[in-house]
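Now for the letters of each chain:
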Amino acid sequence: KAGVTQTPRYLIKTRGQQVTLSCSPISGHRSVSWYQQTPGQGLQFLFEYFSETQRNKGNFPGRFSGRQFSNSRSEMNVSTLELGDSALYLCASSLLGQGSYEQYFGPGTRLTVT
Amino acid sequence: GENVEQHPSTLSVQEGDSAVIKCTYSDSASNYFPWYKQELGKGPQLIIDIRSNVGEKKDQRIAVTLNKTAKHFSLHITETQPEDSAVYFCAASTNTGNQFYFGTGTSLTVIP
């Protein structure tokens, strides 16, 4: 079974721009969570989607948004990029809501804001 | 909200020795505790997990223990090998399971 895939793997953007990251979960997984990983703050929860609905959201500004499609693929968008948004963005899929808590992470998208 | 603390932040062991990483959590409602291994350039990989109705779980050289009363859980790696070198993260989640709180990570180096 294929794992969680994320595209693109690397991205360089300029401050003020916006960016969209994509995540394809493991087949059959309907829950997708997004995390931001930085050396200073570690892994921080952004939001979680299940069956196209956002069920939970972390403490990030409104510039961070996401959505999930009917095939469970998810995208996250960051508008008006700031230098501090440079990070590894990780997506994780799971069978949450389907009887299992186990989360499986993708390789991440490395975003650099200049 | 939940607060997960992890110690130590770095750990060096000789090949063949054991390694222990400890985490504490604050929310008594947390009941699922996974451990992840992250190698350079990769996403975290789930290596073992434990639920609050279990005190210990083993998988070959890896074991996790949970003390609900003290709100702490630990990862034990025996007979360490160089390929065990990585950053390890603990996490905690409540019954809904849709938000995980992570520790700050432990960088483990196994010296051949």
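For the structure itself, look to the data block above.
Residues numbered from 1 in each chain as written. Chains lettered and ligands numbered in written order. Predicted model: local features only at pLDDT ≥ 70, side-chain atom pairs only at ≥ 80, totals over all residues. Heavy atoms only, no water.

### So, the overall build of chain A
Thinking step 1. Scanning chain A from terminus to terminus reveals 0 helices and 11 strands.
Thinking step 2. Along chain A, helices and strands appear, N-terminal first, in the series β-β-β-β-β-β-β-β-β-β-β.
Thinking step 3. For chain A, whose C-alpha radius of gyration is 13 Å, the value lies close to the compact-globule estimate of 13 Å for 114 residues.
Thinking step 4. Taking the principal axes of its C-alpha atoms as reference, chain A extends roughly 40 × 25 × 25 Å.
Thinking step 5. The 114 residues of chain A split such that 51% are buried.
Thinking step 6. In chain A, the share of contacts with a sequence separation of at least 24, taken over all contacts with a separation of at least 6, comes to 55%. (Helix = DSSP H or I, 4+ residues; strand = E, 2+ residues; numbered from the N terminus. Rg over C-alpha atoms; globule rule 2.2 N^0.38 Å. Buried < 20%, exposed > 50% of the residue type's maximum accessible area, 1.4 Å probe, protein only. Contact = heavy atoms within 4.5 Å.)

### Notes on the environment of A:Pro39
Residues and elements named next belong to chain A.
Thinking step 1. Its location among the elements puts proline 39 in the loop between β4 (31-38) and β5 (42-50).
Thinking step 2. Here proline 39 falls in the exposed class, since its relative accessible area comes to 89%.
Thinking step 3. For the pair proline 39 and glutamine 103, spaced 64 residues apart in the sequence, the C-alpha separation amounts to 21 Å.

### Considerations on the packing of aromatic side chains
Thinking step 1. By the definition in use, this model includes 13 aromatic pairs over all chains.
Thinking step 2. When the ring of A:Tyr35 is compared with that of B:Phe102, the centres are 5.4 Å apart and the planes differ by 85°; the resulting orientation is edge-to-face. Here the residue A:Tyr35 occupies a position in strand β4, and B:Phe102 occupies one in strand β10 (residues 100-102), the pair thus bridging two chains. Considered together, A:Tyr35 and B:Phe102 belong to a single accessibility category, that of buried residues. (Phe/Tyr/Trp six-rings, centres within 6.5 Å; stacked < 30°, edge-to-face > 60°.)

### What to know about the nonpolar core
The tendency in soluble globular proteins is for nonpolar side chains to be buried as a group.
Thinking step 1. By size, the foremost hydrophobic cluster in this structure holds 24 residues, and its most contacted members are B:Trp35, B:Phe73, B:Leu75, B:Tyr88 and B:Leu108.
Thinking step 2. One finds A:Phe60, A:Leu81, A:Tyr89 and A:Leu111 within the second-largest nonpolar core, a separate group that totals 21 residues. (Core = buried A, V, L, I, M, F, W, Y, C linked by side-chain atoms within 4.5 Å.)

### What to know about the environment of B:Leu46
Thinking step 1. Relative to the helices and strands, B:Leu46 resides in strand β5 (residues 45-51).
Thinking step 2. With a relative accessible area of 19%, B:Leu46 lands in the buried category.
Thinking step 3. Spatially, the C-alpha atom of B:Leu46 lies 15 Å from that of B:His76, the residues being 30 residues apart in sequence.
Thinking step 4. With residues near it in sequence (within four places) discarded, B:Leu46 still touches A:Glu102, A:Gln103, A:Tyr104, B:Pro34, B:Trp35 and B:Tyr36.

### Some thoughts on the pattern of salt bridges
All names here are of chain A.
Thinking step 1. What the rule picks out here adds up to 9 salt bridges over all chains.
Thinking step 2. The partner of arginine 63 in a salt bridge is glutamate 82, with the nearest N and O atoms 3.6 Å apart. Note that arginine 63 is positioned in the loop between β6 (53-57) and β7 (64-68) and glutamate 82 in the loop between β8 (74-78) and β9 (87-94), a separation of 19 residues in sequence.
Thinking step 3. You can call arginine 63 buried: its relative accessible area is 16%.
Thinking step 4. Take glutamate 82: its relative accessible area is 41%, and that puts it in the partly exposed class. (Salt bridge = Lys/Arg side-chain N within 4 Å of Asp/Glu carboxyl O.)

Distances and angles like these do not, on their own, reveal function.
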